[in-house]
Amino acid sequence: MTYKICHISTVHSSADVRIFQKECVTLANEGYDVYFIVTSDKSYVNSKVNIIQLSKKNNRMYRMFIKTMEALFKALKVNADLYHFHDPELIIVGIFLKIFGKKVVYDVHEDVPSQILAKDWIKIKFLRKIISGMFNLFEKSISKLFDGIISVTPEILEKFKVRKKALLRNYPIVNMIEKSLPVSRKGKKYVVIYAGGLMKIRGIKEIVDSVAYFNGEVEFWLLGKWDSSDYKTECEKSDGWKYTKYIGFKPLNEVYSYMKAADIGICTLYPVKNYLKSLPIKAFEYMACGMPILMSDFPYWREKFQDAAEFVDPQDPKEIYKKIKYLMENKQVMKEIGKNGIERVKKYYSWDDEKKELLKLYDNILGIEGKYMED
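The residue numbers shown here count from 1 along each chain, following its written sequence. Note on the predicted model: pLDDT of at least 70 is required for a residue's local features to be given, and 80 or more for side-chain atom pairs to be given and counted; whole-chain, interface and lining totals, by contrast, use all residues. Excluded from the side-chain calculation are hydrogens and water; included are all heavy atoms of the structure.

Trainee: Is there a simple way to think about the nonpolar core in this case?
Mentor: As a rule of thumb, nonpolar side chains are buried together in soluble globular proteins. By convention a nonpolar core is built from buried Ala, Val, Leu, Ile, Met, Phe, Trp, Tyr and Cys residues, the set being connected through side-chain atoms within 4.5 Å. For every residue, the accessible area (1.4 Å probe, protein chains only) is compared with the maximum for its type, and the residue is labelled buried under 20%, exposed over 50%, or partly exposed between those bounds. If you look at the biggest cluster of nonpolar residues, it comprises 68 residues, and the most contacted ones within it are I193, I204, F220, W221, M259, W301 and F305. The contact partners of M259, leaving out residues within four places of it in the chain, are I193, A195, E285, Y286, C289 and M291. One finds L54, A71, L72 and V162 within the second-largest nonpolar core, a separate group that totals 33 residues. By the convention used here, residues are in contact when the closest approach between their heavy atoms is within 4.5 Å.

Trainee: Which parts of the structure should I look at to understand the sheet that holds strand β5 (residues 82-85)?
Mentor: Hydrogen bonds between backbone atoms are what pair the strands of a sheet, whose relative direction is either parallel or antiparallel. The criterion for strand pairing is that DSSP finds at least two bridges linking the strands in question. Numbering goes from the N terminus for both helices and strands, where a helix is a DSSP run of H or I of at least four residues and a strand is a run of E of at least two. The sheet built from 8 strands is open, its strands ordered β3-β4-β2-β1-β5-β6-β7-β8 with mixed pairing. Edge positions in the sheet fall to β3 (44-46) and β8 (165-167), since each has one partner strand and no second. For this sheet the average axis-to-axis angle between neighbouring strands, irrespective of direction, equals 20°. As defined by bridge partners, strand β1 (residues 4-13) adjoins strand β2 (residues 33-39) across 6 bridges and the pair is classed as parallel. Bridge pairing in β2 places S13 opposite T39. For helices, the fitted axis covers only the stretch in contact; all axes are lines through C-alpha atoms, and the angles between them, taken along N-to-C directions, range from 0 to 180 degrees.

Trainee: What's the story with helix α12 (residues 281-288) in this structure? I'm lost.
Mentor: Three- or four-residue spacings in an α-helix give side chains the same orientation, since the helix completes a turn every 3.6 residues. In terms of burial, α12 is largely enclosed, as 7 of its 8 residues are buried. Turning to α12, its buried residues are K282, A283, F284, E285, Y286, M287 and A288. Of the residues flanking the end of α12, it is G290, one or two places downstream, whose phi is positive at about 80°.

Trainee: When you look at the side chain of S143 in this model, what are you seeing that I'm missing?
Mentor: Secondary-structure assignment places S143 in the loop between α5 (125-142) and β7 (148-151). For S143, a relative accessible area of 1% corresponds to the buried category. Polar contacts, as used here, are pairs of N or O atoms within 3.5 Å; protein pairs need one atom able to donate a hydrogen and one able to accept it. Residues neighboring in sequence count only if both atoms are side-chain atoms. Of note is the side chain of S143, whose polar atom sits 2.8 Å from the backbone oxygen of K140. Other than its neighbours up to four places away in sequence, S143 contacts I149, F160 and V162.

Trainee: Can you help me understand the packing of helix α2 (residues 60-78) against helix α3 (residues 91-99) in this one?
Mentor: The description of two helices packed together rests on the angle between their axes and the distance between the axes. α3 packs onto α2 with a crossing angle of 35° between their chain directions and a minimal axis gap of 9 Å. Considering only the axes of α2 and α3, their crossing is right-handed. Taken together, the residues of α3 that come into contact with α2 (itself represented by T68, M69, L72, A75 and L76) are I92, V93, F96 and L97. Note that Gly is not counted as nonpolar here; it falls among the polar residues with everything else outside the nonpolar set of Ala, Val, Leu, Ile, Met, Phe, Trp, Tyr, Cys and Pro and the charged set of Asp, Glu, Lys and Arg. Split into classes, the residues belonging to the contact of α2 with α3 amount to 8 nonpolar, 1 polar and no charged. A crossing counts as left-handed when the near helix is turned anticlockwise from the far one by less than a right angle, and as right-handed when that turn is clockwise.

Trainee: Even after reading the chapter, I still don't get the layout of surface pockets, so can you show me in this structure?
Mentor: To find leftover empty space, a probe the size of one water molecule is rolled over the atoms. A pocket here means an open set of points on a 1 Å grid, computed over the protein atoms alone, that has protein on both sides within 12 Å along at least five of seven lines. A cavity is instead a set of points where a 1.4 Å probe fits but cannot get out; residues with an atom within 4 Å of a point line either one. Grid points are joined across faces, edges and corners, and a volume is the space filled by probe spheres set on the points. For the second largest pocket, the calculated volume is near 260 Å³. With 6 residues, helix α1 (residues 17-29) is the largest single contributor of residues to the lining of the second largest pocket. Residue composition of the lining of the second largest pocket, by class: 5 nonpolar, 5 polar and 4 charged.

Trainee: Would you mind showing me how to read the pairing of β2 here?
Mentor: Successive side chains on a regular strand alternate, one facing one side of the sheet and the next facing the other. Burial runs high along β2: 6 of the 7 residues are buried. Relative to strand β4 (residues 49-54), β2 runs parallel, the two being bridged by 6 bridges. Bridge pairing links Y35 to N50 in β4.

Trainee: It is not clear to me how α5 should be interpreted in this structure. Could you clarify?
Mentor: What a helix is expected to span follows from its residue count: subtract one and scale by 1.5 Å. With 18 residues, α5 extends 26 Å between its outermost C-alpha atoms, agreeing within 8% with the 26 Å of an ideal straight helix rising 1.5 Å per residue. Turning to α5, its buried residues are R128, S132, F135, E139 and I142. Projection of α5 onto a plane perpendicular to its axis shows the buried side chains occupying an angular sector of 115°, all on one side. α5 presents F126, K129, M134 and L137 as exposed residues on the side facing more than 90 degrees away from its buried surface. The directions considered for the arc run from the helix axis to the C-beta atoms.

Rendered as structure tokens:
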């Protein structure tokens, strides 16, 4: 029997690394009939995954109400054996699917209550705390309705008191990185790279500011989509912008090609609660590319990344500059950190091992007597 699986997201893209590249493609390769309902220009098939188009209109209110209902109707039309949704705003869709007797998995990508505390669009801090607390209670209570919970860190998963759950850490697909070839480089400048979401709490402006101290000796490659045009303008006003090469949003294989051509990967997120115990995918990708990483000086990150990174205050451009300079002047240190990163990824942080947890959870929910079934 071939089981039909339907993933749903109103927030992420059809090329999302975690949802499409890792989960959906893995399931399709295991013989599942996989559908992915997501914002897209059209419906199509990619890597044996059936992409089902959601409308492109994406402002917050439209997405949370109109688009959510569009996703529900299309999900019911698929008539899957198991539904797997990825956004907290789709909890209502999950509830309706349960009412219709469907098996449902909630994939918790972020610590949403902590994330709410950092939302600038909620202007009153006290109101953020109230909303955060209310959502925390709601999310934990409603999760008991679903057939399984997945999350990216042990700390987030622990708060869900359900029987069937899986820790699915966001580790890289190592063979995809190994197949990527570095882009060509001109000149002898050192290259620092950041790839990911471009927003204030990711510390982008501080990195741009730090590059200014080098007066052209270092170039900063920046890949990703801007969270706001205002923040982009703020970064462009920095003295370091003339040494910044904004490359934009690129497909994953191209991102890896840029990473492999760079000298230092950087991941200096602000110390907001949602990041303090996170496991950022970009750090593991930098490691798999053999680069030394410059990371925020969080105790949890020091414990996890150890000798595969150097650590710095993410909100101090002068300190970021000094740490980059230290690495530039100590080529053997750079080489050792890069080597340690590759070894740790291959040994501990590969998607090839992590995907077994996803398959095990599916076998248990669907009652499949397969190699991943638990007693």
